[in-house]
Amino acid sequence: MPYDVRPIGPDDREAAWRLGSLAFGYHAEPMPEAYDAQPGRRAWGAYDGDGRLVGKAVDREQGHWFGGRVVPTAGVAGLAVAPELRGRGVARQLLTRLLAGARERGAVISTLFPTTAVPYRRAGWETVGALTYTAWPASVLASVRAGGDVALRPASAGDVPGIAALYRDVAQAGTGMMERSGPAFTADPERLLKAFDGLTVAVSPSGELIGYASWNRGRGYDPSSKVTVYDLVGMTADATSALLAMFGSWASVAPTVVMRLSTSDPARLLFPPGEARIESHEPWMLRVVDAPGAVAARGWPANLSGELDLDLVDDECPWNAGPYRLVLAGGEGRLEPGGSGHGVRLTARGLAAWYAGAASPDVLRRAGLLAGGDAGDRGPTGPGTDDLLLAATAGPPATLHDYF
């Protein structure tokens, strides 16, 4: 049955809290005074014929780095449906309206962390990466020797802009990293300093900030004790080594160090793999909200030029569907309406995975998310369509260090 999907007003805040707290298991806690009043958040509700709130979801205004540029994003959070109505289309109607609203406000892609992938895949999202915490014996890090003349010290409020700049440099060079500015992030230095047990900076002999790490100590000093590292950013091998060696020094009282590192993080090249194990693994998903806008917003390889016809299939975002001409040149991209309509056919999930560089055209073909084109065969006229698609989004694997 159709539901009335509209923004949640002040009178329904308590009902939205009850719905979410029941779904996610914090129903014994009192509702915070600032619940759903944070800037940059748009809460959508699904109402039945009696005006009862039966579903809710939040669109977070945020950005992610792709190809060296920040792409305007709708971060979806807090999707909850009344237990009695699950599986009856409430979530799909909510998500479809949220996507339309996100497009209206300027978002061109959407990201989320799913509790289950099924409803999101049905609505066009696809898994493109994971936020992973990996545990290592602290003794492995204790084998790292800090090279060079790098000094470590606790961060002060004056270091916060420099810390933000270091993170931004790494995020800009990556794929999918969150842009830590805007309404979803605070600019208060004191709040950042208080968010962790430790915020340590690495400083060069000239006084330049060349690395930092944010971490929490955890409890106790028995074999189960650990230190958890949230960010570890070093702009030089010496800075990274100094930070790793500092965490290795905890071995006698915290035998395990858990770090949030991507699979391509340079820190992994500076210590032996040891007995690494996955502490937690949170997949995240992406969806293209506005196809022409998403292509124009991200950066593309500066030395890549080419054109091909695309035929996009998208039931939930019908404004994306239809024939296009993809044009890439000089680091810019355009998705122009038109084309032959007989080129590469991409589903919404296939478009999402390709956009994030999460799957090659060959893999997408074998999964049924891409069809048409020339399957990568090189002919007398040069590279084929799959070659162009593969080169366009090649790069670091999609990574996120922020849960939302």
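Now for a look at the structure at hand.

**Re the overall build of the protein chain**
- Counting secondary structure elements, the protein chain contains eleven helices and 17 strands.
- In terms of overall size, the protein chain behaves like a compact globule, its C-alpha atoms giving a radius of gyration of 23 Å where 404 residues would be expected to give roughly 22 Å.
- Across the 404 residues of the protein chain, 49% fall into the buried class.
- A fraction of 70% describes how many contacts in the protein chain between residues 6 or more apart in sequence connect residues 24 or more apart.
- As displayed, the protein chain offers around 18,300 Å² of accessible surface, 53% of which is attributable to carbon and sulfur atoms.
- Mean positive and mean negative side-chain charge positions of the protein chain (38 and 44 charges, respectively) differ by 3 Å.

**A closer look at the sheet that holds strand 16 (residues 344–347)**
- Spatially, 15-14-13-16-17 is the arrangement adopted by the five strands of the open sheet, whose pairing is mixed. Among the strands making up the open sheet, the edge pair consists of strand 15 (332–337) and strand 17 (370–371).
- Packed onto the sheet, helix 9 (residues 348–355) meets strand 13 (306–313), strand 14 (322–329) and strand 16 and runs at close to 100 degrees relative to strand 16.
- Helix 11 (residues 385–392) contacts strand 13, strand 14, strand 16 and strand 17 of the sheet and is inclined by roughly 90 degrees relative to strand 13.

**Some words on the pattern of salt bridges**
- Under the definition given, this model contains 23 salt bridges.
- The partner of Arg-103 in a salt bridge is Asp-290, with the nearest N and O atoms 3.7 Å apart. Of this pair, Arg-103 sits in helix 2 (residues 90–105) while Asp-290 sits in the loop between strand 12 (277–288) and helix 8 (291–297); the two residues are 187 residues apart in sequence, bridging distant segments of the chain.
- Residue Arg-103 is classed as partly exposed on the basis of its relative accessible area, which comes to 36%.

**Overview of the sheet that holds strand 5 (residues 109–112)**
- Strands sit in the order 1-2-3-4-5-12-6-11-10-9-8-7 across an open sheet of twelve strands; the sheet is mixed. Pairing within the sheet leaves two strands with one partner each, and these edge strands are strand 1 (4–7) and strand 7 (151–154). For this sheet, the mean inter-axis angle between neighbouring strands, taken without regard to orientation, is 25 degrees.
- Seen against the sheet, helix 7 (residues 237–248) touches strand 7, strand 8 (198–203), strand 9 (209–216), strand 10 (226–234) and strand 11 (256–259) and runs at an angle of roughly 175 degrees to strand 10.

**Details of the environment of Val-58**
- For Val-58, the location among the structural elements is in strand 3 (residues 53–66).
- Note on Val-58: relative accessible area 1%, which makes it buried.
- Separated by 97 residues in sequence, Val-58 and Ala-155 have C-alpha atoms that sit 34 Å apart.
- Setting aside residues no more than four positions away along its own chain, Val-58 makes contact with Asp-36, Arg-41, Arg-42, Ala-43, Gly-75, Val-76, Ala-77 and Leu-98.

**Structural notes on the environment of Ala-254**
- Position of Ala-254 relative to the elements: it lies in the loop between helix 7 and strand 11.
- Judged by its relative accessible area of 0%, Ala-254 falls in the buried class.
- On a C-alpha basis, the gap between Ala-254 and Arg-145 in space is 19 Å, while along the polypeptide they are 109 residues apart.
- When near neighbours in sequence (up to four residues on either side) are disregarded, Ala-254 contacts Ala-138, Arg-217, Ser-225, Lys-226 and Val-227.

**Regarding the packing of aromatic side chains**
- Inspection of the entire model under this criterion finds twelve aromatic pairs.
- When the ring of Trp-17 is compared with that of Tyr-26, the centres are 5.0 Å apart and the planes differ by 55 degrees; the resulting orientation is tilted.
- Looking at Tyr-26, the relative accessible area reads 23%, which means it is partly exposed.
- An aromatic cluster is built from Phe-66, Trp-300, Trp-354 and Tyr-355, whose rings are joined through pairwise contacts.
- The side chain of Arg-6 reaches across the aromatic face of Tyr-47, ending 3.6 Å from its centre.

**Observations regarding the side chain of Glu-126**
- On the secondary structure map, Glu-126 appears in strand 6 (residues 126–137).
- You can call Glu-126 buried: its relative accessible area is 6%.
- Excluding its chain neighbours within four sequence positions, the residues that come into contact with Glu-126 are Arg-121, Trp-284, Met-285, Leu-286, Arg-349, Ala-352 and Ala-353.

**A short note on helix 5 (residues 160–173)**
- The end-to-end C-alpha distance of helix 5, which contains 14 residues, comes to 20 Å, matching closely the 20 Å that a straight helix rising 1.5 Å per residue would cover.
- All of the buried residues in helix 5 are Val-160, Ile-163, Leu-166, Tyr-167 and Ala-171. Buried residues in helix 5, looked at end-on, bunch into an arc of 135 degrees, giving them a common side. Exposed side chains of helix 5 directed beyond 90 degrees from the buried face belong to Pro-161 and Ala-173.

Rules used throughout
- Residues numbered from 1 in each chain as written.
- Predicted model: local features only at pLDDT ≥ 70, side-chain atom pairs only at ≥ 80, totals over all residues.
- Heavy atoms only, no water.
- Helix = DSSP H or I, 4+ residues; strand = E, 2+ residues; numbered from the N terminus.
- Rg over C-alpha atoms; globule rule 2.2 N^0.38 Å.
- Buried < 20%, exposed > 50% of the residue type's maximum accessible area, 1.4 Å probe, protein only.
- Contact = heavy atoms within 4.5 Å.
- Areas by Shrake-Rupley, 256 points an atom, 1.4 Å probe, with all protein chains shown as cover.
- Lys, Arg positive; Asp, Glu negative; His and termini not counted.
- Charge placed at Lys NZ, Arg CZ, Asp CG, Glu CD.
- Pairing = 2+ DSSP bridges.
- Axes fitted to C-alpha atoms, helices over the stretch in contact; angles between N-to-C directions.
- Salt bridge = Lys/Arg side-chain N within 4 Å of Asp/Glu carboxyl O.
- Phe/Tyr/Trp six-rings, centres within 6.5 Å; stacked < 30°, edge-to-face > 60°.
- Lys NZ or Arg CZ within 6 Å of the ring centre and 35° of its normal.
- Expected span 1.5 Å × (residues − 1).
- Arc of directions from axis to C-beta.

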